[in-house]
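# Structure assessment
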Protein chains: 2
Amino acid sequence: MSAELEFISRVRDLYRFEAIQSHLGWDQETKMPPKGAEARGEILAWIATQRHQLLTDPRLGELISELEESDCDNWLIANVTEMRRKYDEAVKLPEEFVSEYTKACSESLVAWQEARANNDFNHFSSHLEKLIRMVNQKIEYLGCENTPYDVLLDEYEVGMKVTDYDPLFAGLKQRIVPLLHSIMESETVVPRLPEGIRFSIDEQEQFCLKVSRKMGFDFEAGRMDRSTHPFCAGLWPSDTRITTRFDELDPFSCLYAVMHESGHGLYEQGLPKQHSYTPVGKAVSLGVHESQSRLWENQIGRTSSFWKVALPWFKEHFSDFPDWDAERLDLVANEVKPDYIRVEADEITYNLHIMLRYEIEKKIFNEGLPVGKIPETWNSMFEEWFGILPPNDTLGCLQDVHWSMGAFGYFPTYTLGNLYAAQLLEAMSKEIGNIDSIIESGNWSKILEWLRDKVHSNGSVMEPAELIKSATGNIPSPEPFLNYIEKKYSKLYNL
Amino acid sequence: MSAELEFISRVRDLYRFEAIQSHLGWDQETKMPPKGAEARGEILAWIATQRHQLLTDPRLGELISELEESDCDNWLIANVTEMRRKYDEAVKLPEEFVSEYTKACSESLVAWQEARANNDFNHFSSHLEKLIRMVNQKIEYLGCENTPYDVLLDEYEVGMKVTDYDPLFAGLKQRIVPLLHSIMESETVVPRLPEGIRFSIDEQEQFCLKVSRKMGFDFEAGRMDRSTHPFCAGLWPSDTRITTRFDELDPFSCLYAVMHESGHGLYEQGLPKQHSYTPVGKAVSLGVHESQSRLWENQIGRTSSFWKVALPWFKEHFSDFPDWDAERLDLVANEVKPDYIRVEADEITYNLHIMLRYEIEKKIFNEGLPVGKIPETWNSMFEEWFGILPPNDTLGCLQDVHWSMGAFGYFPTYTLGNLYAAQLLEAMSKEIGNIDSIIESGNWSKILEWLRDKVHSNGSVMEPAELIKSATGNIPSPEPFLNYIEKKYSKLYNL
């Protein structure tokens, strides 16, 4: 067998295990009966060990070295580069450490769930301390060229460092905060949803499925289920699954969750299938993934053009809803209001939620902020930035699952997603014409085609920043996003 | 590591792959979107290869030999014995053959589905010929001490041969056929379900879930979904899944499918968890598995005692159903009528369906019956035994999935299930008292406890016949079954 074939065959085995892991993870969140949890944890840990063994096999290292010296096409080069990164990282981590860390994460997740439910940070703090200690140990194993936090940031968005995020976030904050103040002072009154209407879950489901299908999500190659927290799992070639949750009092919560997850899902459905089970066949980064969900959720879904198309469907499913027009629904969908919970935040305050988490993570890993100080640090920063004080930790530093899973350095990719989305939409409109007109026409296939061509079909053949440059003509920049929100909210709030 | 620990660790890895395979199989039948089929086929074939590699690893062979010479407890001996059987069989089959055979089965399954849908045996016959050729090749690889068909029979119920089945089936037929004739000549009129009632699927689901819970199926450690053909998948320790299908015109179809699959499910839920992922932790045989489903479906579910308990629930869910009593419903549920389809057959004709398949399989493998002759052989035997001629092959030799999956020798285990069920119930009643009274009391836990103790908790530590002897005090025999049906149907039909 040639080195290339042997390399690809080994990589595919590794990624087959990853796909199985994702499938069992999807099932865990959507179908698994409660008593199945213990066996599920055990099999997932077993798969993690199998993956670690395949990844650290010295023969894989030899093949990577051999191919690095060979003449390869772009796609193979990208595969080799990514596998080099993964291999080097994996061989630095002792197997015992990986297994202990996996176990610590499982235990910590359970403790976090209990702590959040009972609003009891102390119940979680010793687990969080252990995780942070282990993550610091991991940073030491991996080696650290810049600051320790940089090692974590790089894991979730290759190439992004503190020295990239610091000025980016500062610039964003400088223009978001005054905009937020103007909105808060505006006299525009956002209408309340009429009380007493129950939005049937079946009807919500049908309505959301219609929107998702309209976006282009292929339900012959995917499905939608329920879970506590909505997510998208690109499980297998031609089998992508999204989830949502329902609130009988608020149909928007489900709608925008479905548009968000369908955006992720379209990316997964558009990845190059010939590269399945290899790195280049996968989405390039969390930031780019989030750009796809946010583009559909916010820049398409939260517009009056969208509501002009969706309103007749909405009325079909909810016949007792009053006779509001698209502009009114648009305003409801875009209400800006500083509040405690990130996942429910509007487009203006969302990035402030992210920056707050970024600053705290930086303090933890670069300045040694003790775990015991996290709640007060969170609360005082939150009060300063949002003007309101979280009444408890469940609405404060206990709200997100990420830390309990050891995912430090993940949050900033959400903001990157918002920025990339705006930059992509700006470039798209230059090529295919006014986006609002296209949305209003009710035929959104041009939008999907552009994304397929410029983003999805490229898999991971380029790095995230390269991909954005190739798609938009410019390196990633916050300008399009700031222009977008300033224009959109000035109009909505008559600023 | 000791030989025992290394052996168990290798066996567990093998069975973890099997559990993953079952999980992906369950998903394929219940959740997978249609376009996911190709990738699913590919990953299942990959898992089959991984299993074959683990199973044929010479180190496993060494460990088996070493442990065969050691002093082991019963459970370990049973594990070693079963792994010896599997190992010897696997090493005799070339890897290329296994992979080709897996592929031929997948292709054949698709061809069978099309052939059945279009009532076109010729569309399937070349696939069936290929499969039979390959199965004959497999018999040659495995080596054949008695007749070729014996090799296949032994795969599904260890220890059972043509020389066991021939007299067993002859004896059964001798008493079933006259009973059937008497029933056909009886003047008892089985009432028709009233026309025009639609049995809502949601209500059917709730009713069936209630019955299943009453049986003792633990829905905290299991779930129920829909699939084209009902089945039970004992996927993971504490995660057992059953499926059913719904017919708006006939609530009995779903009810008895759920009782059947819950019977299988209770067995899975009662297996010894400390032996998970090893042979002894699994159900001992298809025959014993079927005994559990048939016992609950027929001997408990198709009785007037059952209907005395279930009727109030039934009326709660189907309020427009007429005021029938338990005896009347019992008669409906036990209607005897020779008909074409095995899975819909009553308890009297069911075993005739099995014997017909057994005779044809024996002709194929022991007498070289050509594939082209199967339809006419089927039809002429069917007409002779049932008194009716199948109008087409879809209602004849194309009805079952088994052959298209290469499962020759499987059918007889269904009849064993019926016999074991009757023998178990007879023994049970000697120990815990009159079963009808227990059913009528509405508290069925004594029945489940007896089955847990005598059957479920033993896993595969004994061979099937040994287990039946240990549970009932007697070697397997058709007498209890014949006594049971003669008594039951004489009463129902006033013979």
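## Some thoughts on the overall build of chain A
From N to C terminus, chain A includes 20 helices and 3 strands. Compactness check: chain A gives a C-alpha radius of gyration of 23 Å against a globular reference of 23 Å for 495 residues, within 12% of the reference. Its C-alpha atoms give chain A principal-axis dimensions of roughly 65 × 50 × 45 Å. Here chain A holds 495 residues, and the buried ones make up 56% of them.

## Remarks on the interface of chain B and chain A
Between chain B and chain A, the residue contacts involve 34 residues of the former and 34 residues of the latter. Of the roughly 2,700 Å² buried where chain B meets chain A, counting both sides, 60% is carbon and sulfur surface. For the pair chain B and chain A, the interface holds 8 salt bridges. In this structure, the salt-bridge partner of R16(B) is E42(A), at a minimum N-O distance of 2.7 Å. Remark: the boundary between chain B and chain A carries 18 residue pairs in polar contact (both at pLDDT 80 or more). Going through the elements one at a time, helix 1 (3-30), helix 2 (37-55), strand 1 (222-226) and strand 3 (239-244) of chain B are the ones with two or more residues in the side of chain B that touches chain A.

## A closer look at the confidence of the model for chain A
A residue-level look at chain A finds 100% of positions with pLDDT of 70 or above and a mean pLDDT of 96. Both scores are given for the predicted complex: the pTM is 0.94, the ipTM 0.94.

## Concerning the packing of aromatic side chains
A complete count under the given rule lists 72 aromatic pairs over all chains for this structure. Here the aromatic rings of Y410(A) and Y414(A) are separated by 5.4 Å at their centres, their planes lie at 50°, and the arrangement is tilted. Arranged with centres 5.9 Å apart and planes meeting at 5°, the rings of F97(B) and Y101(B) form a pair that is stacked. Residue F97(B) and its partner Y101(B) are located together in helix 5 (residues 95-118), separated by 4 residues, close to a single helical turn. Note on accessibility: F97(B) and Y101(B) belong to one class, buried. Residue placement shows R357(A) over the ring face of F411(A); its charged tip is 5.5 Å from the ring centre.

## Re the sheet that holds strand 1 of chain B
Residues and elements named next belong to chain B. As summarised here, the arrangement of the 3 strands in space is 1-3-2, forming an open sheet in which the pairing is mixed. Two strands close off the open sheet at either side, each with one partner strand: strand 1 and strand 2 (232-236). The mean angle between the axes of side-by-side strands here comes to 25°, regardless of whether they run parallel or antiparallel. Of the strands in this sheet, strand 1, strand 2 and strand 3 touch helix 10 (residues 251-270), which is tilted by about 165° from strand 3.

## Considerations on the packing of helix 1 (residues 3-30) of chain A against helix 1 of chain B
Relative orientation of the contacting elements helix 1 of chain A and helix 1 of chain B amounts to 60°, with a least axis distance of 12 Å. With respect to helix 1 of chain B, the element helix 1 of chain A is oriented oblique. For the element pair helix 1 of chain A and helix 1 of chain B, the recorded crossing hand is left-handed. Across from F17(A), I20(A), H23(A), L24(A), W26(A) and D27(A) in helix 1 of chain A, the residues of helix 1 of chain B making contact are F17(B), I20(B), H23(B), L24(B), W26(B) and D27(B).

## Structural notes on the relation of the copies chain B and chain A
To go from the first copy of the chain to the second, apply a rotation about an axis and then a shift along the same axis. Screw-axis analysis of chain B against chain A gives a translation of 0.0 Å along the axis, an RMSD of 0.0 Å, and a rotation angle of 180°. Here the transformation between the copies is reduced to the relation of a two-fold axis. Residues of chain B ranked by C-alpha distance from the rotation axis are headed by I20(B), positioned 4.0 Å from it. A share of 100% of interface residues in chain B that are also interface residues in chain A marks the association as one of identical surfaces.

## Considering empty space enclosed by the protein
Residues and elements named next belong to chain A. Tallied over the full model, the rule gives 5 cavities of 30 Å³ or more. Volume-wise, the largest cavity comes out at about 60 Å³. Looking at the largest cavity, the residues that line it are R294, L295, N298, Q299, E347, N418, A421, A422, F481 and Y484. Secondary structure elements with two or more residues in the lining of the largest cavity: helix 11 (286-300), helix 16 (412-432) and helix 20 (479-492). For the lining of the largest cavity, the element with the highest residue contribution is helix 11, accounting for 4 residues. Looking at the lining of the largest cavity, its residues break down into 5 nonpolar, 3 polar and 2 charged.

## Things to note about the nonpolar core
Residue and element names in this part refer to chain B. Counting residues in hydrophobic clusters, the biggest one holds 134 residues, and the most contacted among them are F207, W296, W307 and I447. At 11 residues, helix 16 (residues 412-432) tops the list of elements feeding residues into this core. Not counting chain neighbours up to four residues away, the residues in contact with F207 comprise L255, W307, A310, W313, F314, H317 and F318.

## Regarding the pattern of salt bridges
Counted by the stated rule, this structure contains 77 salt bridges over all chains. The shortest N-O distance in the salt bridge between R294(A) and E297(A) comes to 3.3 Å. Here R294(A) and its partner E297(A) are both found in helix 11, 3 residues apart, which amounts to about one turn of the helix. Residue K86(B) is joined to E82(B) by a salt bridge in which the shortest nitrogen-to-oxygen separation is 3.9 Å. Of this pair, K86(B) and E82(B) are both found in helix 4 (residues 74-92), 4 residues apart, which corresponds to roughly one turn of the helix. Residue K86(B) is classed as partly exposed on the basis of its relative accessible area of 24%. For E82(B), a relative accessible area of 22% translates into the label partly exposed. It is possible to trace a salt-bridge network through shared partners that takes in E6(A), R10(A), D57(A), R59(A) and E62(A).

## Describing a negative patch on the surface
Taken together, the side chains of D202(A), E203(A), D202(B) and E203(B) define an acidic patch exposed on the protein surface. Secondary-structure elements contributing two or more residues to the negative patch are helix 9 (201-215) of chain A together with helix 9 (201-215) of chain B. Among the secondary structure elements, D202(A) is positioned in helix 9.

## What to know about the side chain of E18(B)
Residue and element names in this part refer to chain B. Inspection of the secondary structure assignment puts E18 in helix 1. Polar side-chain contacts of E18 include one of 3.1 Å to the side chain of K282. With residues up to four places along the chain from it excluded, the contact list for E18 reads R51 and K282.

## Side note on helix 8 (residues 162-185) of chain B
All names here are of chain B. Spanning 24 residues, helix 8 covers 34 Å between terminal C-alpha atoms, matching the ideal 34 Å at 1.5 Å per step. Those residues of helix 8 lying buried are V162, Y165, L168, F169, L172, I176, L179, L180 and I183. Against helix 7 (148-156), helix 14 (347-367), helix 16 and helix 20 (479-492) lie the buried residues of helix 8.

## Thoughts on the sheet that holds strand 3 (residues 239-244) of chain A
Residue and element names in this part refer to chain A. If you trace the 3 strands from one edge of the open sheet to the other, you get 1-3-2, paired in mixed fashion. The open sheet is flanked by strand 1 (222-226) and strand 2 (232-236), the only strands paired with a single partner. Strand after strand, the sheet turns through a mean of 25° between neighbouring axes, direction not considered. With 5 bridges joining them, strand 1 and strand 3 adopt parallel strand pairing. Its bridge partner lying in strand 3, G222 is registered against T240. In this fold helix 1 packs onto strand 1, strand 2 and strand 3, with an angle of close to 135° to the strand it touches most, strand 2.

## Thoughts on unusual backbone geometry
Residue and element names in this part refer to chain A. Of note in this structure, N494 is not a glycine but carries a positive phi near 50°. Position of N494 among the secondary structure elements: in the segment after helix 20. Exposure remark for N494: the relative accessible area of 63% places this residue in the exposed category.

## Things to note about the environment of A422(A)
All names here are of chain A. By secondary structure assignment, the location of A422 is in helix 16. Distance in space between the C-alpha atoms of A422 and S276 is 29 Å, their sequence separation being 146 residues. Beyond its immediate chain neighbours, meaning those up to four positions away, A422 contacts Q299, P480, F481 and Y484.

## Thoughts on helix 11 (residues 286-300) of chain B
Taking 1.5 Å per residue as the helical rise, helix 11 of chain B with its 15 residues ought to reach 21 Å, and the 20 Å between its terminal C-alpha atoms agrees with that figure. The N-capping residue of helix 11 of chain B, defined by a side-chain oxygen 3.3 Å from the backbone nitrogen of G287(B), is S285(B).

Reading the values: rules and limits
- Residues numbered from 1 in each chain as written.
- Chains lettered and ligands numbered in written order.
- Predicted model: local features only at pLDDT ≥ 70, side-chain atom pairs only at ≥ 80, totals over all residues.
- Heavy atoms only, no water.
- Helix = DSSP H or I, 4+ residues; strand = E, 2+ residues; numbered from the N terminus.
- Rg over C-alpha atoms; globule rule 2.2 N^0.38 Å.
- Buried < 20%, exposed > 50% of the residue type's maximum accessible area, 1.4 Å probe, protein only.
- Contact = heavy atoms within 4.5 Å.
- Buried area = accessible area lost by both parts, 1.4 Å probe.
- Salt bridge = Lys/Arg side-chain N within 4 Å of Asp/Glu carboxyl O.
- Polar contact = N/O pair within 3.5 Å; in protein donor to acceptor, adjacent residues only side chain to side chain.
- pLDDT = per-residue confidence, 0-100.
- Phe/Tyr/Trp six-rings, centres within 6.5 Å; stacked < 30°, edge-to-face > 60°.
- Lys NZ or Arg CZ within 6 Å of the ring centre and 35° of its normal.
- Pairing = 2+ DSSP bridges.
- Axes fitted to C-alpha atoms, helices over the stretch in contact; angles between N-to-C directions.
- Parallel < 35°, antiparallel > 145°, perpendicular 65-115°, else oblique.
- Left-handed = near helix turned anticlockwise from the far one by under 90°.
- Least-squares fit on C-alpha atoms with pLDDT ≥ 70 in both.
- 1 Å grid on protein atoms, 1.4 Å probe; cavity = no way out; pocket = protein on both sides within 12 Å on 5 of 7 lines; lining within 4 Å.
- Points joined across faces, edges and corners; volume = space filled by probe spheres on them.
- Nonpolar A, V, L, I, M, F, W, Y, C, P; charged D, E, K, R; others polar.
- Core = buried A, V, L, I, M, F, W, Y, C linked by side-chain atoms within 4.5 Å.
- Patch = residues over 30% accessible without salt bridge, like charges linked within 9 Å, V, L, I, M, F, W, Y side chains within 5 Å.
- Areas by Shrake-Rupley, 256 points an atom, 1.4 Å probe, with all protein chains shown as cover.
- Lys, Arg positive; Asp, Glu negative; His and termini not counted.
- Charge placed at Lys NZ, Arg CZ, Asp CG, Glu CD.
- Expected span 1.5 Å × (residues − 1).

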